[in-house]
Amino acid sequence: VQARIFEPFFTTQEIGRGTGLGLAQVHGFAPQSGGRVEVKSAPGRGTTMTLVLPRASQDHVEAPKVEAPARPSSAQGGMALLVEDDDEVAAFTSEMLKDLGFDVMRASSGEAALKIITSGQSIDLVFSDVMMPGGMTGLELAAAARARRPNMPVLLASGYTAPFTQDAAKRGLLLLAKPFTTEALAHAIDKARSANS
């Protein structure tokens, strides 16, 4: 299975025991940081994974001064449709959105989200994971949502951004890398709203 270990959602664990996203996130993080992941594996001998990251150019780096996070420039709030299949990630992200003044409605799949969008429910932002098990991806959901409501802001997120960056950019979509801070989320929402105003 070594050839598939970095694929999002690939897992050898039984259903409910693993998401198959851990190694995909490591594989995405390492190159973004200028590094790489090396894997050596042999039957009966085990597996060694080495994460190689660039060395700091200075011996001592002062911690940056922490300033109060700036609130995003555009007015926040409204109804956010959060599309996320992982319960823990959804709970955490919902709290972030609530901190930014949103009411949050959740769908656990692209298909469920599209039903909400087409129901006429008032939605001010769609915030969707890109990869979800089975069915519609976040990119496909964004296209379907925009076909129905052209001015609705759509923001995508992924822990494994590399394969989706170009496709998202071609479609005029913002792609936020997981994990993200509340400030990064606020900034991305600002940009998504500006792009659709």
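Up top is the structure these notes are about.
So, here's what we can say about the structure. Treat the numbers as computed from the prediction; the structure is a model and nothing was measured.

### A short note on the nonpolar core
Here comes step 1: Residues Leu 81, Val 83, Ile 117, Ile 123, Val 126, Leu 141 and Leu 173 are the most contacted members of the largest nonpolar core, which totals 24 residues.
Here comes step 2: Where this core is concerned, the elements lending two or more residues are strand E3 (78-83), strand E4 (102-107), helix H3 (110-118), helix H4 (138-148) and strand E6 (154-158).
Here comes step 3: For Leu 81, the residues in contact, after removing those within four places along its chain, are Met 105, Arg 106, Ala 107, Ala 113, Ile 116, Ile 117, Ile 123, Leu 125, Val 126 and Phe 127.
Here comes step 4: Formed by 17 residues, the second largest nonpolar core is a distinct cluster that contains Met 96, Phe 127, Leu 155 and Leu 185.

### Describing helix H1 (residues 22-32)
Here comes step 1: All of the buried residues in H1 are Ala 24, Gly 28 and Ala 30. Down the axis of H1, the buried side of the element spans an arc of 165°, and every buried residue falls inside it.
Here comes step 2: Structurally, H1 contributes buried residues whose contacts are with strand E1 (36-42) and strand E2 (46-52).
Here comes step 3: Directly after H1, the chain includes Gly 34, whose backbone phi takes a positive value near 85°.

The rules we used
Residues numbered from 1 in each chain as written. Predicted model: local features only at pLDDT ≥ 70, side-chain atom pairs only at ≥ 80, totals over all residues. Heavy atoms only, no water. Core = buried A, V, L, I, M, F, W, Y, C linked by side-chain atoms within 4.5 Å. Buried < 20%, exposed > 50% of the residue type's maximum accessible area, 1.4 Å probe, protein only. Helix = DSSP H or I, 4+ residues; strand = E, 2+ residues; numbered from the N terminus. Contact = heavy atoms within 4.5 Å. Arc of directions from axis to C-beta.

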